[in-house]
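# A look at the structure
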Amino acid sequence: MEKPNFRTEMLRTLEGKTPAQIPVGTFTTAPVLELMDMSGAARPEADSQPEKMALLAFSQYVNASFETLRYPFDVVVLAEALGCTIDPGTKARTPAVLKGPMEFSPAVPKLPEDLLERGRIPAVLEATEILREAGSNLPLIVGMEGPADLASSLCGITRFLKWTINKPHIVKRLVELCTDACIVYGRECLKRGADVVVIADAVSSPVMISPDAFRDLIKPGMSRIPKALGRGKSVLHICGAADPIIADMAECGFDGLSLEEGIKDLKSAVHIAHESGVVVIGSVSTSRTLFAGKPEDVKREAFECLGSGVDVLAPGCGIAPETPLRNLKALVEARNEFCGRNR
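Each residue is numbered by its place in its chain's sequence as written, counting from 1. Given that the model is predicted, a residue must reach a pLDDT of at least 70 before its local features are reported, and side-chain atom pairs must reach 80 or more before they are shown or counted; all residues, however, enter totals for whole chains, interfaces and linings. With hydrogens and water stripped out, all remaining heavy atoms of the structure feed into the side-chain values.

## Here we look at the overall build of the protein
- In this text, helices come from DSSP runs of H or I with a minimum length of four residues, and strands from runs of E with a minimum of two, each type numbered from the N-terminal end. In terms of helices and strands, the protein carries 15 helices and nine strands.
- Radius of gyration: over C-alpha atoms. The globule rule applied is 2.2 Å multiplied by the number of residues raised to the 0.38 power. Computed over C-alpha atoms, the radius of gyration of the protein comes to 19 Å, within 12% of the 20 Å expected from 2.2 N^0.38 for 343 residues, which places it in the range of a compact globule.
- Considered along the principal axes of its C-alpha atoms, the protein spans approximately 60 × 40 × 35 Å.
- Relative accessibility decides the category of a residue: with a 1.4 Å probe and only protein chains considered, values under 20% of the type maximum give buried, values over 50% give exposed, and everything between is partly exposed. Expressed as a percentage of its 343 residues, the buried residues of the protein come to 59%.
- Any two residues having at least one pair of non-hydrogen atoms within 4.5 Å are treated as being in contact. For the protein, the proportion of contacts with a sequence separation of at least 24, taken over those separated by at least 6, is 72%.
- Per-residue and other accessible areas were derived by the Shrake-Rupley procedure at a 1.4 Å probe size, with only the shown protein chains allowed to occlude residues. Approximately 13,700 Å² of the protein is accessible, and the part contributed by carbon and sulfur atoms is 51%.
- Between the centroid of the 39 positive side chains of the protein and the centroid of its 44 negative side chains there is a distance of 1 Å. For the charge count, each Lys or Arg is scored as positive and each Asp or Glu as negative, with His and the chain ends excluded. By convention, the point assigned to a charge is CZ for Arg, NZ for Lys, CD for Glu and CG for Asp.

Below, the structure written as structure tokens:
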């Protein structure tokens, strides 16, 4: 029996076409400890060594039965390349920004000409080439921090949030720089073989900045990204209860929206996205259900998401390292049962 071509099915889905069955996988980070142990590729090495990064990503398919290969396993790669000091983390703790270059000066830096040679970017690009060769029938989904997240890393989150109110002119210039960085990096990832670029932007959430600030300061740059990536597929992930900005997110032009379980009305969000021709990915709770629940809890919530009309069944946000593998497998089982019932 011929293996399903999950890459083709995912690309069809992101084009708004009907796949053979609803895809299941992750568009958010998945540094799961059990997958590290089973694959023999653990962080922090898997965060910086291309072969181990590729091996851990491939384990999502081999050991969790996901139909996606999502990597890298943190969202500070661009921040590091732009001069942030990074805590490299441990096996169970993801890399994090300690200090940004703008914390002592409001001067917005220029985009480095050698951006693609900095930090861990070369490792991600090489891992992309390894995965493309190994996983011809699997979609490669590369994630990166979005413009607001990156901007807040450069200048510090407290300063960034204050600037959105009292120094919006600096925020606009900074977001332009960060948008350019996302575009340069995203284009190269696609060139090396990635299928989808995911822009993850927690700071754009209405729990962090007002919807008006998102529209005025972040949305113009965010809208440039899908166009600049050309024919490559793109997905926007914003954390929390993003209901007030769903229409704005859809208007940015991404092929898909990855939504967190914090969305208060998933059916309404799906409807708004679909009206703009945008697919919806999500949104089983990563903390309450995948991390702390049982497989039956995962299936129950997965059925709710599928019943609400999501186009790709996926975790709502980044997966906690201690998440049980059995709960990840339950996502696939839920999709299989749901699609079987709805044929």
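Anyway, onward from the coordinates.
## Some words on the sheet that holds strand β7 (residues 256-259)
- Two strands qualify as a pair provided DSSP detects at least 2 bridges between them. Spatially, seven strands are ordered β1-β4-β5-β6-β7-β8-β9 in an open sheet, and the strand pairing comes out parallel. Both outer strands of the open sheet, β1 (69-71) and β9 (312-315), are each paired with one neighbouring strand and no more. Within this sheet the neighbouring strands show an average axis-to-axis angle of 25 degrees, counted without direction. Angles run from 0 to 180 degrees between N-to-C directions of axes, and those axes are lines fitted to C-alpha atoms, restricted for helices to the stretch in contact.

## Brief notes about the side chain of T29
- Structurally, the position occupied by T29 is in the loop between α1 (6-14) and α2 (33-39).
- The buried category is assigned to T29, whose relative accessible area is 15%.
- With near-sequence residues (within four places) excluded, T29 lies in contact with R70, P72, F73, D74, V75, G318 and I319.

## Remarks on the side chain of S258
- The residue S258 is located in strand β7 in this model.
- Of note is the side chain of S258, whose polar atom sits 2.8 Å from the side chain of H237.
- When residues no more than four places from it in sequence are discounted, the contact partners of S258 are T28, V235, L236, H237, I238 and I281. Counted as a polar contact is a pair of N or O atoms within 3.5 Å, where, for protein atoms, one must be capable of donating a hydrogen and the other of accepting one, and residues adjacent in sequence contribute only when both atoms are in side chains.

## Some thoughts on the pairing of strand β4 (residues 140-145)
- Of all six residues in β4, six are buried, a share of seventy percent or more.
- The alternating pattern of β4 places L140, V142 and M144 and I141, G143 and E145 on opposite faces, both of which are buried.
- As paired strands, β1 and β4 are joined by three bridges and run parallel to one another. Across the sheet, residue L69 finds its bridge partner in β4, namely L140.

## Observations concerning a nonpolar patch on the surface
- Patch construction takes residues with relative accessible area above 30% that form no salt bridge. Like charges are linked within 9 Å, and nonpolar side chains (Val, Leu, Ile, Met, Phe, Trp, Tyr) are linked within 5 Å. A side-chain nitrogen of Lys or Arg and a carboxyl oxygen of Asp or Glu constitute a salt bridge if their distance falls within 4 Å. Together, I157, V207 and M208 line one region of the surface with nonpolar side chains, adding up to about 260 Å² of accessible area.
- Here I157 lies in helix α8 (residues 157-166).

## Notes on the packing of aromatic side chains
- Paired rings are identified among Phe, Tyr and Trp, the last through its six-membered ring, by centres lying within 6.5 Å, and are further divided according to the angle between planes into stacked (under 30 degrees), edge-to-face (over 60) and tilted (the rest). Summed over all chains, the structure comprises two aromatic pairs.
- Ring geometry for F6 against Y61: centres 6.3 Å apart, planes inclined by 65 degrees, an arrangement best described as edge-to-face. Linking F6 in helix α1 with Y61 in helix α4 (residues 50-62), this pair joins segments that are 55 residues apart in sequence.
- Given the relative accessible area of 13%, F6 is considered buried.
- Residue Y61 is classed as partly exposed on the basis of its relative accessible area of 21%.
- Aromatic pair F58 and Y61: ring centres 5.9 Å apart, planes at 70 degrees, arrangement edge-to-face. Residue F58 and its partner Y61 are located together in helix α4, separated by three residues, close to a single helical turn.
- Members of the aromatic cluster, joined through ring pairs, are F6, F58 and Y61.

## Observations regarding the pattern of salt bridges
- Overall, the coordinates contain 23 salt bridges when judged by the stated rule.
- Note that E15 is salt-bridged to K17, the shortest N-O span being 3.3 Å.
- When its relative accessible area of 44% is taken as the criterion, K17 is described as partly exposed.
- Taken together, the shared-partner salt bridges connect D212, R215, K219, D248 and E251 into one network.

## Side note on the packing of helix α7 (residues 147-155) against helix α9 (residues 168-192)
- Relative to each other, α7 and α9 sit at 115 degrees, their axes nearing to 8 Å. Our pair here, α7 against α9, has a crossing hand that is right-handed. Contact with α7, carried on its side by P147, L150, A151, L154 and C155, involves L174, V175, L177, C178, T179, A181 and C182 of α9 and no other residues of that element.
- Amino acids outside the nonpolar list (Ala, Val, Leu, Ile, Met, Phe, Trp, Tyr, Cys, Pro) and the charged list (Asp, Glu, Lys, Arg) are all regarded as polar, and Gly is one of them. Looking at the contact of α7 with α9 residue by residue, the class counts come to 11 nonpolar, one polar and no charged. Note on convention: near helix rotated counterclockwise from far helix by under a right angle means a left-handed crossing. Clockwise means right-handed.

Honestly, it's all geometry; don't read function into it.
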